[in-house]
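Residues per chain, in single letters:
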Amino acid sequence: QVHLVESGGGLVQAGGSLRLSCSASGLEFEHYTMGWFRQAPGKEREFVARINWSGGITYYEDSVKGRFTISRDNAKNTVYLQMNSLKPEHTALYYCAASLEVAPVTAGGYTYWGQGTQVTVSS
């Protein structure tokens, strides 16, 4: 069975930093594009960032460019999201996801999903 397990969420003050991790099992991790999404109350799930199989190509939603950094360690079957300069608007449930597509940007392009980790940014 494929499992994606996020960790690292929590409560942080505005301007602070947080690093999310997603550990994958049950799949050939190095074959998958990995992505991060988030969903805030009352809003649709939105794309945050993705990274290709080798970690050499990344892509970000415009609002997080320069603030968030996605990376991966294929030896550990883990993808990360470093989140800096956090703002209350970043509060959401963050999900990691796996895709066999080359450059997926929508949720429909991802096959496997974790259960999410909550990030709450206080004013």
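A.B. asks: Explain the state of the cysteines to me, please; I cannot follow it from the model alone.
C.D. replies: Going through the model one piece at a time under the given rule, you end up with one disulfide. Sulfur-sulfur distance for the disulfide between C22 and C96 comes to 1.9 Å. Here C22 and C96 share a disulfide; its torsion about the S-S bond, 45°, makes the bridge right-handed. With a gap of 74 residues between them, C22 in strand 3 (residues 18-25) and C96 in strand 9 (residues 92-99) connect regions that are remote in the sequence.

A.B. asks: Whenever I open this one, the packing of aromatic side chains confuses me. Can you help?
C.D. replies: To describe a pair of aromatic rings, one takes the distance between the centres and the angle between the planes. Applying the stated criterion across every chain yields a total of seven aromatic pairs. Ring plane angle 80° and centroid distance 5.1 Å describe the contact between F37 and Y110, whose orientation is recorded as edge-to-face. In this pair, F37 sits in strand 4 (residues 33-39) while Y110 sits in the loop between strand 9 and strand 10 (112-113), placing the two residues 73 residues apart along the sequence. In this structure an aromatic cluster arises from ring pairing among F37, F47, Y59, Y95, Y110 and W113. Cation over ring: R72 sits above F29, and NZ or CZ is 4.4 Å from the ring centre.

A.B. asks: Got a minute to help me understand the nonpolar core in this structure?
C.D. replies: Side chains that are nonpolar tend, in soluble globular proteins, to be buried together. Grouped together as the largest cluster of nonpolar side chains are 29 residues, with contacts concentrated most on W36, V79, L81 and Y94. Of all elements in the fold, only strand 3, strand 4, strand 5 (46-51), strand 7 (68-73), strand 8 (78-83), strand 9 and strand 11 (117-122) reach the threshold of two or more residues within this core.

A.B. asks: Explanation requested: the environment of V5 in the structure shown.
C.D. replies: Counting through the fold element by element, V5 comes out in strand 1 (residues 3-7). Among the residues examined, V5 registers a relative accessible area of 52% and is labelled exposed. Here the alpha-carbon distance between V5 and G114, two residues 109 residues apart in the chain, equals 5.4 Å. Contact partners of V5, with chain neighbours within four places excluded, come to S21, C22 and S23.

Cut-offs and rules
- Residues numbered from 1 in each chain as written.
- Predicted model: local features only at pLDDT ≥ 70, side-chain atom pairs only at ≥ 80, totals over all residues.
- Heavy atoms only, no water.
- Disulfide = S-S within 2.5 Å.
- Helix = DSSP H or I, 4+ residues; strand = E, 2+ residues; numbered from the N terminus.
- Phe/Tyr/Trp six-rings, centres within 6.5 Å; stacked < 30°, edge-to-face > 60°.
- Lys NZ or Arg CZ within 6 Å of the ring centre and 35° of its normal.
- Core = buried A, V, L, I, M, F, W, Y, C linked by side-chain atoms within 4.5 Å.
- Buried < 20%, exposed > 50% of the residue type's maximum accessible area, 1.4 Å probe, protein only.
- Contact = heavy atoms within 4.5 Å.

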